[in-house]
Amino acid sequence: MNKILLTTCALFCCISNYAQENTIDGKELFGDMQARHIGPAIMSGRFIDLEAHPTNNRILFGGAAGGGVWKTINGGATFDPVFDEHAQSIGAIKIDPTDPDKTVWVGTGEIWTRNSVSIGDGLYKSTDGGNSWKKKGFEKSERISAIVINPQNNKEMYVAVMGALWGDSEDRGIYKSNDGGETWENILYTDKSTGAAELIIDPVNPNILYASMWKFRRTPWGFESGGDTSAIYKSTDSGKSWSKIHNGFPNGKLGRIALAIAPSKPEILYAAVETESAKTNGLYKSEDSGSSWTQLNNDFGLTVRPFYFARLVVDPKNPDILVKGGLYGSISRDGGKTFQDLGAQHSDIHDVVFDLEDSNRLYTATDGGIYRSWDAGTHFEIVENIPVSQFYHVSVDDATPYNIYGGLQDNQSWYGPSSSPGGIEARDWNLIGAGDGFRVLKHASKPIIYSEMQGAQYVWRYNTVLNQSKNVAPPAENDEKLRFNWNAPMALSIHAEDRFYMGSQYLHKSEDMGDTWIKISPDLTTNDPKKQDLESGGLSADKSGAETHTTIFTIAESPLDEKVIWVGTDDGNVQITKDGGKSWKNVVKNIPDLPAFTWVYHIEASVHNPGTAYVVFDGHATGDMNTYVYKTTDFGANWMSIATENIKGFARNIQEDYEQPDLLFLGTEFGLFITTNGGKQWSHFTNNLPEVAVHYIELQKRTSDLVLGTHGRGIIIVDDISPLRQINDSILNKDLHFFETNSGIIDESSGFGSTSRETEFVGANPSSLAKIMYYMKKRHTFGKMSMQILDLEGNIIAEPVPGKSKGLNIVSWDYYRKAPKVAVGKIPSFVVAPKADADTYKVIITKGKDTYEHMITIKNDPKSPISVDDRAQNKALTMQLFNSIEDLAYLGYRIDATIDFLKDDTSKNAVKFKEELSNLKSKLVITTGDRYVQEAEPELREKLSELYNEVAGSFDKPAPVRYSNAATYQDQIDNNWKVYNAIEKKYLPKLNQELIKANKQELTLDSKEQFLAK
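I will try to describe carefully the structure that is included in this document.

Rules behind the numbers
- Residues numbered from 1 in each chain as written.
- Predicted model: local features only at pLDDT ≥ 70, side-chain atom pairs only at ≥ 80, totals over all residues.
- Heavy atoms only, no water.
- Helix = DSSP H or I, 4+ residues; strand = E, 2+ residues; numbered from the N terminus.
- Buried < 20%, exposed > 50% of the residue type's maximum accessible area, 1.4 Å probe, protein only.
- Contact = heavy atoms within 4.5 Å.
- Areas by Shrake-Rupley, 256 points an atom, 1.4 Å probe, with all protein chains shown as cover.
- Lys, Arg positive; Asp, Glu negative; His and termini not counted.
- Charge placed at Lys NZ, Arg CZ, Asp CG, Glu CD.
- Axes fitted to C-alpha atoms, helices over the stretch in contact; angles between N-to-C directions.
- Parallel < 35°, antiparallel > 145°, perpendicular 65-115°, else oblique.
- Left-handed = near helix turned anticlockwise from the far one by under 90°.
- Nonpolar A, V, L, I, M, F, W, Y, C, P; charged D, E, K, R; others polar.
- Pairing = 2+ DSSP bridges.
- Polar contact = N/O pair within 3.5 Å; in protein donor to acceptor, adjacent residues only side chain to side chain.
- Expected span 1.5 Å × (residues − 1).
- Salt bridge = Lys/Arg side-chain N within 4 Å of Asp/Glu carboxyl O.
- Phe/Tyr/Trp six-rings, centres within 6.5 Å; stacked < 30°, edge-to-face > 60°.
- Lys NZ or Arg CZ within 6 Å of the ring centre and 35° of its normal.
- Core = buried A, V, L, I, M, F, W, Y, C linked by side-chain atoms within 4.5 Å.
- Patch = residues over 30% accessible without salt bridge, like charges linked within 9 Å, V, L, I, M, F, W, Y side chains within 5 Å.

Broken down by element type, the protein carries nine helices and 68 strands. Here the C-alpha coordinates of the protein stretch approximately 115 × 75 × 60 Å along the principal axes. For the protein, the proportion of its 1014 residues judged to be buried stands at 59%. Relative to all contacts within the protein whose residues are 6 or more apart in sequence, the contacts with residues 24 or more apart total 57%. For the protein, the accessible area works out to roughly 40,500 Å², and carbon and sulfur atoms hold 48% of it. Taking the average place of the 106 positive charges on the side chains of the protein and the average place of its 133 negative ones, the gap between the two points comes to 4 Å.

What follows covers the packing of helix α5 (residues 868–901) against helix α6 (residues 908–924). At a minimum axis separation of 10 Å, α5 and α6 run at an interaxial angle of 150°. The orientation of α5 relative to α6 falls into the category roughly antiparallel. By crossing handedness, the relation of α5 to α6 is classed as left-handed. Each of Leu 888, Leu 891, Ile 895, Asp 896, Thr 898 and Ile 899 in α5 lies in contact with α6, whose residues at this interface are Phe 913, Lys 914, Leu 917, Ser 918, Leu 920, Lys 921 and Leu 924. For the contact of α5 with α6, the per-class residue count stands at eight nonpolar, two polar and three charged.

This part covers the pairing of strand β18 (residues 222–225). Two strands pair when backbone bridges link them, and strand β17 (residues 209–219) and β18 are joined in this way by four bridges, in the antiparallel orientation. Each bridged residue has a counterpart across the sheet, and for Arg 218 the counterpart in β18 is Phe 223. Where β17 folds back on β18, the antiparallel hairpin that results is connected by two residues. As judged from the two bridges shared by β18 and strand β45 (residues 537–538), these two strands associate in the parallel manner. Bridging across to β45, Ser 225 finds its partner in Gly 538.

A separate point is the sheet that holds strand β58 (residues 694–700). As summarised here, the arrangement of the four strands in space is β3-β60-β59-β58, forming an open sheet in which the pairing is antiparallel. The sheet is open, and its two borders are formed by β3 (35–39) and β58, each paired with just one other strand. When the angles between neighbouring strand axes are averaged without regard to direction, this sheet yields 25°.

Let's shift gears to the sheet that holds strand β38 (residues 448–453). Strand order in the open sheet made by the four strands is β37-β38-β39-β40, with antiparallel pairing throughout. The strands lining the two open edges of the sheet, one partner per strand, are β37 (437–442) and β40 (468–471). This sheet shows a mean twist of 20° between the axes of neighbouring strands, independent of strand direction. For strand β39 (residues 459–463) and β40, the ladder comprises four bridges, and the chain directions are antiparallel. Within the sheet, the bridge partner assigned to Arg 461 lies in β40 and is Lys 470.

Take Ser 536: it is sitting in the loop between β44 (518–519) and β45. A polar side-chain atom of Ser 536 sits 3.0 Å from the main-chain amide nitrogen of Phe 223. When sequence neighbours within four positions are dropped, the list of residues in contact with Ser 536 reads Gly 222, Phe 223, Ala 541, Asp 542, Lys 543 and Glu 547.

Next up on the list: helix α7 (residues 940–952). Here α7 is 13 residues long and its end C-alpha atoms lie 18 Å apart, about the 18 Å a rise of 1.5 Å per residue gives. At its buried positions, α7 is contacted by α5, α6 and α8 (960–997).

The next subject is the pattern of salt bridges. A full pass over the atoms with the stated rule returns 49 salt bridges. Arg 499 is the partner of Glu 562 in a salt bridge, and the nearest nitrogen-oxygen pair spans 2.9 Å. With Glu 562 in the loop between β46 (552–557) and β47 (565–569) and Arg 499 in the loop between β41 (490–492) and β42 (500–503), this residue pair connects regions lying 63 residues apart in the sequence. Overall, Arg 499 belongs to the buried group, its relative accessible area being 10%. We note a salt bridge from Lys 818 to Glu 799, for which the minimum N-O separation is 3.2 Å. You can see Lys 818 sitting in the loop between β66 (807–813) and β67 (839–847) and its partner Glu 799 sitting in the loop between β65 (796–798) and β66, a full 19 residues away along the chain. Connected through salt bridges with shared partners, the residues Arg 499, Lys 509, Glu 511, Glu 557 and Glu 562 form a single ionic network.

So, about the packing of aromatic side chains. This structure, assessed with the given rule, holds 32 aromatic pairs. An angle of 35° between the planes, with centres 5.3 Å apart, marks the rings of Phe 249 and Trp 293 as tilted. Of this pair, Phe 249 sits in the loop between β20 (243–244) and β21 (257–261) while Trp 293 sits in the loop between β23 (282–286) and β24 (294–297), placing them 44 residues apart in sequence. When its relative accessible area of 5% is taken as the criterion, Trp 293 is described as buried. Chaining the aromatic ring pairs together yields one cluster made of Trp 214, Phe 216, Phe 223, Phe 307, Tyr 308 and Phe 309. The aromatic ring of Phe 597 is capped on one face by Lys 531, whose charged end is 4.4 Å from the ring centroid. We note Lys 835 situated over the ring of Phe 955; from NZ or CZ to the ring centre the distance is 4.9 Å.

A word on the nonpolar core. Residues Leu 881, Leu 888, Phe 913 and Leu 924 are the most contacted members of the largest nonpolar core, which totals 38 residues. Every element with two or more residues in this core is listed here: α5, α6, α7 and α8. No other element matches the 11 residues that α5 contributes to this core. Leave out the neighbours within four places in its chain, and Leu 924 touches Leu 888, Leu 891, Ile 895, Glu 939, Leu 940, Arg 941, Glu 942 and Asn 976. Core analysis: the second largest hydrophobic core is formed by 30 residues, Val 117, Ala 197, Trp 214 and Val 314 among them.

Here we take up the environment of Leu 988. Positionally, Leu 988 belongs in helix α8. Given a relative accessible area of 16%, Leu 988 falls into the buried group. Those residues in contact with Leu 988 that lie beyond four places of it in its chain are Phe 913 and Leu 1003.

For the rest of this paragraph, the subject is the packing of α7 against α8. Two numbers describe how α7 lies on α8: the axes approach to 11 Å, and their chain directions differ by 145°. Here α7 runs over α8; the crossing is left-handed. Contacts from Leu 940, Lys 943, Leu 944, Leu 947, Glu 950 and Val 951 of α7 reach α8 at Arg 962, Asn 965, Ala 966, Tyr 969, Gln 972, Ile 973 and Asn 976. Per-class residue counts for the contact of α7 with α8 are seven nonpolar, three polar and three charged.

Quick look at a negative patch on the surface now. A surface patch of like charges, here negative, comprises Glu 267, Glu 287, Asp 288 and Asp 320. Residue position: Asp 320 is located in the loop between β25 (312–314) and β26 (322–324).

Now for unusual backbone geometry. Of note, the amide linkage connecting Gly 39 to Pro 40 takes the cis form, showing an omega dihedral of 5°. With respect to the element layout, Pro 40 can be found in the loop between β3 and β4 (47–52). For the bond running from Thr 400 to Pro 401, omega is -5°, close enough to zero to count as cis. Non-glycine residue Phe 138 carries a positive phi angle of around 65°. For Phe 138, the location among the structural elements is in the loop between β11 (134–135) and β12 (144–149). Overall, the relative accessible area of 13% leaves Phe 138 in the buried class. The backbone of Ser 289 shows a phi angle near 60°, a positive value even though the residue is not glycine. In this structure, Ser 289 sits in the loop between β23 and β24.

Shape is all these values report; function is a separate question.
In structure tokens:
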């Protein structure tokens, strides 16, 4: 399957009186609306797999945990995304060694199984180097850990399926294809809880395969790695039969095992083995193709978090050089006897690739992006243009431009602007927290920002003016243990600016920005001791706090009634108080068709009705991948599901529109879904928006921008969703309908923009242009279709090209009129178009015999200090110079046209006529040299154009010297016209007489009106 196919979406407005419901699918509904990516890339995000081209060291692919596949063709200087239309969680990438320039395979689903991993949806193949992809099965695999291709026969290939993380599954093990991936057979299977963690092939003898099988399971409150079924298997007959190769391993259960083969000496194997004892954990080596193993060491760097760091890589030319992924990464140059840490880079190294020709050059995949080293891992530099940051939450303020706040997986907490001169750069982002960042909230009026790190270990109240922070986390009372979720909930009140909520198992409230706290609830969770304080990790203890369970996860104070507060817990309770916390009621049992104890991921309290709320449940952590979205209008007494079959992925967040109650936005594991009819039908928004996990959605009220916090592609914004508010059945019945839009604001900024280097990511700014938005019932395919913008006197100001698509079309106007015609010279002369006035304009679309009219308004920047009188003076001089430029252009036209007419005439009269005209032309425009090494002195056209550009390109009152120069240049134009007229009078009559006598056509020239109209 390629892209998810959406059913047509019926758009129905609740206030519509029409019985018929029209249908329109997502692409047509959203039309020209586009998402824009603003990063950041300063902290990038987790990469889990790297794949080097086998013959071209300039080409490398990287697979991100939640940000898709990225490719470099310049040796890692920059990377570009090549997998945006598919699941963004990547498990393995493999370049076909027999067809490396064209055939690439991708297995989806992250294999470093932390609690916040995303999921995949199968195996994909590209036959054009990554430009396009087709799904080749394994839809239920969830996680693919390795892809192996016989280097002598690419029809023979293998896939290692790790499988489901949160439950049992039969879709696990090693699969083989003998027809290039068209059909598959499971050739190594253990049981429903044991998956294939690694698969490698002997580079010399492709009949030999090694597989690492791993028993594992994660729950919301724990993780288990290891069991009797974890093992290393070997096949010498292309997978027909397998045998364990454990000679030298300790007895007992095994956990995750990392495997590597030495490409230059394939009888040497390395294995990082998780066992039941810290003494027997560590690196094992075989020098006889796995027949026997010897433990070399158990350094911390080799044994830390084996579920998260299970990648061994051997130098392609030297079997004694190998690297183990880990907290800092470990490198050995003596065959694994000793190791040292890799050089400074972001912690948590998951994969390493050596350059084909030079082992001093290597690349690493880390929790903070891709790094490269030129000195064998001693020093590293980050690739600066990969925005795959993993946000958990986002919030916005009401500044201009507004700021966006959020916390990142393993990359701290930040805020940055929604726009910035030249684009949003790394320098625009500000650090406001440490550790794993989660919720970040800005105080409504004070220079205060709240941020947190995992498990509410710290909750910072940061004063941005004083540069001071204070930990204001709610303290425990009487030595009672508070259970804060790894992703602890915080909320600010819109009724009292200093009111601050946090949730543990209790709801805590502060009225003084966190200085003091009170509990306003009992334990609102199930308080199930079987899900609390358990040992986690399995064979290797891994109790970081990420599995703290039976906690409050979401808090929603009603915007309409401060006494109404909703609370959702990670163990499935939906609690509500209508008296500010004095009493609470658990209403989850009123929700139909909801499995018990399903995680309450988000509650959205309505801005339209105090009894209305939306709740999103996420069951994936118990193996339930269904979508659960419910609505109540009576404080939880009754609920209805608003999830439909055309939503892809389990949901995490829902956002209600502030103006149209039936307009809702839903974030799922595979992107953004939008309904305009209260959930009857949903459409997948895919306009420049990958199938990335959308963890949080915020709507900026002033701009109507939809701000997405994605777990893999940073911050993504859909600018101005206001047209979607106007969709109803009446509009869908019209042939063409104009949407009401906000006034365009003329941008007066003229700074110097970006300081970023060519290799840095720069986030896109929103467009500052005026938008003309309209819906068309059908695509315009036959006949003429045009658009004109007219002032109120009927003068044509601009003629943009109209969109002709079915659905929503967006045409942008840059506020400019037509530029003046300029005299032709040896080199071009560039002039700006004059600005349109802040005013109301008429838009006319002519579509065949039909015309449609609409009014739009543009305004000056309200912050501008320029007066109305100053603007009028600027406009007057601009248009005076505009006319002068066109006057000179017409003079140049007459000269050029006459010379061209006489080009073959060698009569004495004609030769002199051309000579004198050429001499005149040389005084009007540059006729020699070029724009670089033979720059000529400016002539009248160049001087006049420069003056015009200076005046027309500004907004304020012109300086007196501009007026005197304008008069000087106009005098020169007038004098040159006199010279031209004298030359023409001297030669033209005689020339025409000669032409008439010779029965030839006389010289005729366009009038000025005709010339300017062309």
